[in-house]
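Survey of secondary and tertiary structure
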Amino acid sequence: MFEDLQYLLKPKYHALWADYCRYLELGWQRFNDANRTTTTKYEQLRLLETAVRREFALKNNLLARLQRHFVTENLSLYLLLDPLSAWRYAASGKRPETETALTEIVQRAVAPAARLLMVLNDENPSTYLPMTSFLTALFLERLQMQKSSLIQKLKRSPKQWCRKYDGLLKNAFVLLGIVSSLRLKFKMAIVLNKMKVRIQKILKNKQRTTEVLDRIKIFCYSAYQFITVRKRTTTQKGL
């Protein structure tokens, strides 16, 4: 789901992140599947929750690997349990009728991943919300590109979607001023600016691929932000 964001992590966490993204992807696909009945999906959710809370018997299974990763890194199992609330909504077959409702469902789905990214980077909880905003923008972009059934009741133009992405990105750019790691600060600037370029391309009705000139601009602007955006504490006014 967010596999490319392993770029933000140290190599020792790449396997954990790949497994976690696979877990999120499989959960989203399974419980959003129109070919399964709501009753079946609710029962699968119940069984999944039970399996997460216990040591999984099949040692090479994805869930068992994640449980071992979580024990090794001293991570909370709630990072595996929290996405279930979003999957439960998807399993119900309901579809949000307002942008606010859609955003809430997406945030439930991505907030655990945002927390995991920040925890693995040894960042404090003040970074969770802006990272959630960034992942929400990425996921909404994916839903819009795929013409997902989750957004079928929302009649929005590309320009309106871009305004939504832009608002979420503004919240996410706060990360550059509050993360402790200089490595993470520069890498976050890169990924944030990549999305900003994609938004501009959508508005101009261009392909979303990043060209050489785009990559040069992204790198230069990210380097400028890395130098000029000052570190702020979470107690300062405005945060």
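The structure contained in this document is the topic of the report that follows. The model shown is predicted, which means the values in this text are computed figures rather than measured ones.

Brief notes about the overall build of the chain
Of regular secondary structure, the chain possesses 11 helices and 0 strands. The C-alpha atoms of the chain give 19 Å as radius of gyration, which agrees with the globular expectation for 239 residues (18 Å, within 12%). The buried share of the chain, taken over its 239 residues, is 46%. Taking the intrachain contacts of the chain between residues at least 6 apart in sequence as the baseline, contacts between residues at least 24 apart amount to 73%. Accessible surface, the chain: about 13100 Å² in total, of which carbon and sulfur atoms supply 53%.

Thoughts on helix α11 (residues 212-228)
Quick reminder: α-helices carry 3.6 residues per turn. Residues three or four places apart thus point the same way. In this model α11 runs 24 Å from its N-terminal to its C-terminal C-alpha over 17 residues, within 8% of the 24 Å that 1.5 Å per residue would give. Inspection of α11 places Asp214, Ile218, Ser222 and Gln225 among the buried residues, and these make up the whole buried set. Down the axis, α11 shows its buried residues gathered within 60° of arc, on one side only. Exposed and oriented more than 90 degrees from the buried face of α11 are Val212, Leu213 and Ile227.

Remarks on the side chain of Lys201
With respect to the helices and strands, Lys201 occurs in helix α10 (residues 182-203). Overall, Lys201 belongs to the buried group, its relative accessible area being 11%. Within the local environment of Lys201, its side chain forms a polar contact with the side chain of Asp214, the two groups lying 3.1 Å apart.

Structural notes on the packing of helix α8 (residues 158-172) against α10
Between α8 and α10, whose axes approach to 10 Å, the crossing angle comes to 165°. With respect to α10, the axis of α8 lies roughly antiparallel. Crossing of α8 over α10 shows left-handed handedness. In contact with Pro158, Lys159, Cys162, Tyr165, Asp166, Leu169 and Ala172 of α8, α10 contributes Leu192, Met195, Lys196, Ile199, Ile202 and Leu203. Of the residues in the contact of α8 with α10, the class split is 10 nonpolar, no polar and 3 charged.

A closer look at the side chain of Lys41
With respect to the helices and strands, the residue Lys41 is situated in helix α2 (residues 38-53). Of the side chains with opposite charge, Asp33 comes closest to the buried, unpaired Lys41, at an N-O distance of 6.5 Å. The residues touching Lys41, leaving out its near neighbours within four places in the chain, are Arg30, Phe31, Asn32, Asp33, Arg36, Ala90 and Ala91.

Observations concerning helix α7 (residues 128-146)
The end-to-end C-alpha distance of α7 is 27 Å, a good match for the 27 Å that 19 residues give at a rise of 1.5 Å each. The element α7 is largely enclosed, with a buried count of 16 among its 19 residues. One or two residues past the end of α7 sits Lys147, with phi positive at roughly 55°.

Overview of the packing of aromatic side chains
Counted under the stated rule, the structure contains 11 aromatic pairs. Relative to Tyr224, the ring of Tyr221 lies with its centre 6.2 Å away and its plane at 15°, an arrangement referred to as stacked. Taken together, the residues span about one helical turn, with Tyr221 and Tyr224 both in helix α11 at a distance of 3 residues. Residue class for Tyr221 comes out partly exposed when judged on its relative accessible area of 42%. Connected via pairs of aromatic rings, a cluster forms that spans Trp17, Tyr20, Tyr23, Phe31, Phe70 and Trp87. One cation-aromatic arrangement involves Arg156 over Trp161; the distance from NZ or CZ to the ring centre is 5.7 Å. Looking at Lys185, its charged tip hangs above the ring of Phe226, at a distance of 5.4 Å from the centre.

Quick look at unusual backbone geometry
Positive phi outside glycine occurs at Asn74, with the angle close to 55°. Mapped onto the elements of the fold, Asn74 is located in the loop between α3 (62-72) and α4 (78-81). Asn74 gets classed as exposed once you look at its relative accessible area, which sits at 71%.

Describing the layout of surface pockets
The calculated volume of the largest pocket comes to roughly 490 Å³. Along its surface, the largest pocket is lined by 19 residues, and Asp4, Leu5, Leu138, Glu141 and Arg198 are the ones closest to its centre. Counting residues per element, the ones that place at least two in the lining of the largest pocket are α7 and α10. Broken down by element, the residue count for the lining of the largest pocket peaks at 7 residues, all from α7. In terms of residue class, the lining of the largest pocket is built from 11 nonpolar, 2 polar and 6 charged. Of the volumes computed, that of the second largest pocket is approximately 350 Å³. Among the elements that make up the lining of the second largest pocket, the one with the highest residue count is helix α1 (residues 14-31) (5 residues).

Rules used throughout
Residues numbered from 1 in each chain as written. Predicted model: local features only at pLDDT ≥ 70, side-chain atom pairs only at ≥ 80, totals over all residues. Heavy atoms only, no water. Helix = DSSP H or I, 4+ residues; strand = E, 2+ residues; numbered from the N terminus. Rg over C-alpha atoms; globule rule 2.2 N^0.38 Å. Buried < 20%, exposed > 50% of the residue type's maximum accessible area, 1.4 Å probe, protein only. Contact = heavy atoms within 4.5 Å. Areas by Shrake-Rupley, 256 points an atom, 1.4 Å probe, with all protein chains shown as cover. Expected span 1.5 Å × (residues − 1). Arc of directions from axis to C-beta. Polar contact = N/O pair within 3.5 Å; in protein donor to acceptor, adjacent residues only side chain to side chain. Axes fitted to C-alpha atoms, helices over the stretch in contact; angles between N-to-C directions. Parallel < 35°, antiparallel > 145°, perpendicular 65-115°, else oblique. Left-handed = near helix turned anticlockwise from the far one by under 90°. Nonpolar A, V, L, I, M, F, W, Y, C, P; charged D, E, K, R; others polar. Lys, Arg positive; Asp, Glu negative; His and termini not counted. Salt bridge = Lys/Arg side-chain N within 4 Å of Asp/Glu carboxyl O. Phe/Tyr/Trp six-rings, centres within 6.5 Å; stacked < 30°, edge-to-face > 60°. Lys NZ or Arg CZ within 6 Å of the ring centre and 35° of its normal. 1 Å grid on protein atoms, 1.4 Å probe; cavity = no way out; pocket = protein on both sides within 12 Å on 5 of 7 lines; lining within 4 Å. Points joined across faces, edges and corners; volume = space filled by probe spheres on them.

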